[in-house]
Amino acid sequence: MKTLIIYSTKTGTTKKCAALLAANIGADSCDLFEISEEIPEISGYECVVLGSYVRMGVIDKKISAFIQKHKAELFETKFGLFICCSLAEKVSEAITKNFSDEIMDHAAIIDCFGGELKVENLKGLEKLAANSFIKIAKADPNFRLFEKIIPESITNFSDVLKEI
Ligand SMILES: Cc1cc2nc3c(=O)[nH]c(=O)nc-3n(C[C@H](O)[C@H](O)[C@H](O)COP(=O)(O)O)c2cc1C
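One structure accompanies this document, and this report is about it. Quick caveat, the model's predicted, so the values are computed rather than measured. (Residues numbered from 1 in each chain as written. Predicted model: local features only at pLDDT ≥ 70, side-chain atom pairs only at ≥ 80, totals over all residues.)

Turning next to unusual backbone geometry. Excluding glycine, residues mostly carry a negative phi; peptide bonds, for their part, are mostly trans. For Met 56, which is not glycine, the phi torsion reads 50° and is therefore positive. Among the structural elements, Met 56 can be located in the loop between strand S3 (47–55) and strand S4 (58–59). (Helix = DSSP H or I, 4+ residues; strand = E, 2+ residues; numbered from the N terminus.)

Written out as structure tokens, the structure is:
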């Protein structure tokens, strides 16, 4: 299944997930691009996957713009979307907020691959935001943070794409 995977990452987790997904699908048949690179024509692929981190509830704006711009082509091919984020209870909200109803209706699968909060690599306001998530999670047992990538979600995602 010739697959195009396009991702956007701030601290490396979404990139790692994109590479794991490519390995699951079959690295030989996957082309992997960061959103800022020159992306080849979608029409050359049987399947397209887009992945982004979530910050302040929002996915990368270049990924959103790409989906919007290539909507018609995406709807004619098999496509999947994934996010990486930390707030486990906000996954559904992040998906519905960032992907329109028609995108959700046409996508073969939309899922979250978990996330990692690498506070040591952050500075200033980003570090403050990350630390506040951790503080809230420690104080509230109902507030769950993803601490790592969920490999089972990546396996399931590639299985769904292969089966369709
Ligand atoms: C400044 C900042 C804001 C974030 N905002 C959110 C958010 O609104 N919702 C969420 O679930 N995760 C949020 N996260 C967590 C990231 O989505 C998570 O760390 C993700 O794994 C990052 O992926 P990346 O390494 O590919 O950038 C935030 C992280 C940072 C540093």
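Turning our eyes to something else, we now look at the site of the ligand. Near the ligand you find 24 residues, and of these Lys 10, Thr 13, Thr 14, Cys 85 and Gly 115 are the closest. Among the secondary structure elements, those contributing two or more residues to the shell around the ligand are helix H1 (13–25), S3 and helix H6 (124–139). (Near = placed C-beta within 6 Å.)

The topology assignment puts Val 48 in strand S3. Among the residues examined, Val 48 registers 24 C-beta atoms within 10 Å and is labelled buried. Excluding anything up to four places from it in sequence, Val 48 contacts Leu 4, Ile 42, Leu 74, Thr 77 and Phe 79. (Buried ≥ 20, exposed ≤ 12 C-beta atoms within 10 Å, placed from the backbone. Contact = placed C-beta atoms within 7 Å.)

What follows covers the nonpolar core. Residues Ile 5, Leu 21, Val 48, Val 49, Leu 50, Phe 82 and Ile 83 are the most contacted members of the largest nonpolar core, which totals 37 residues. Those elements giving two or more residues to this core turn out to be strand S1 (3–8), H1, S3, helix H2 (61–69), strand S5 (78–84) and helix H7 (151–163). With 6 residues, the top contributor of residues to this core is S3. With residues up to four places along the chain from it excluded, the contact list for Leu 50 reads Ile 6, Ile 63, Phe 66, Ile 67 and Leu 81. (Core = buried A, V, L, I, M, F, W, Y, C linked by C-beta atoms within 7 Å.)

Before going further, it helps to examine H1. The end-to-end C-alpha distance of H1 is 18 Å, a good match for the 18 Å that 13 residues give at a rise of 1.5 Å each. Taken as a whole, H1 has its buried residues at Thr 13, Thr 14, Cys 17, Ala 18, Leu 21, Ala 22 and Ile 25. Positive backbone phi, approximately 125°, marks Gly 26, located one or two places after H1. (Expected span 1.5 Å × (residues − 1).)

Mapped onto the fold, Lys 62 is located in helix H2. Look at Lys 62 and you get partly exposed, because 14 C-beta atoms sit within 10 Å. Along the chain, Lys 62 and Ser 8 lie 54 residues apart, while their C-alpha atoms are 8.2 Å from each other. Setting aside chain neighbours within four positions, we find Lys 62 in contact with Ser 8, Ile 35 and Ser 36.

This paragraph deals with the packing of H1 against H7. The N-to-C vectors of H1 and H7 enclose an angle of 45°; their axes lie 9 Å apart at closest approach. Taken together, the axis directions place H1 and H7 in an arrangement best described as oblique. The handedness of the crossing between H1 and H7 is right-handed. For the pair H1 and H7, the contacting residues are Cys 17, Leu 20, Leu 21, Asn 24 and Ile 25 in the first and Pro 151, Ile 154, Thr 155, Phe 157, Ser 158 and Leu 161 in the second. Grouping the constituent residues of the contact of H1 with H7 by class yields 8 nonpolar, 3 polar and no charged. (Axes fitted to C-alpha atoms, helices over the stretch in contact; angles between N-to-C directions. Parallel < 35°, antiparallel > 145°, perpendicular 65-115°, else oblique. Left-handed = near helix turned anticlockwise from the far one by under 90°. Nonpolar A, V, L, I, M, F, W, Y, C, P; charged D, E, K, R; others polar.)

By themselves, these are just geometric observations and shouldn't be taken as functional.
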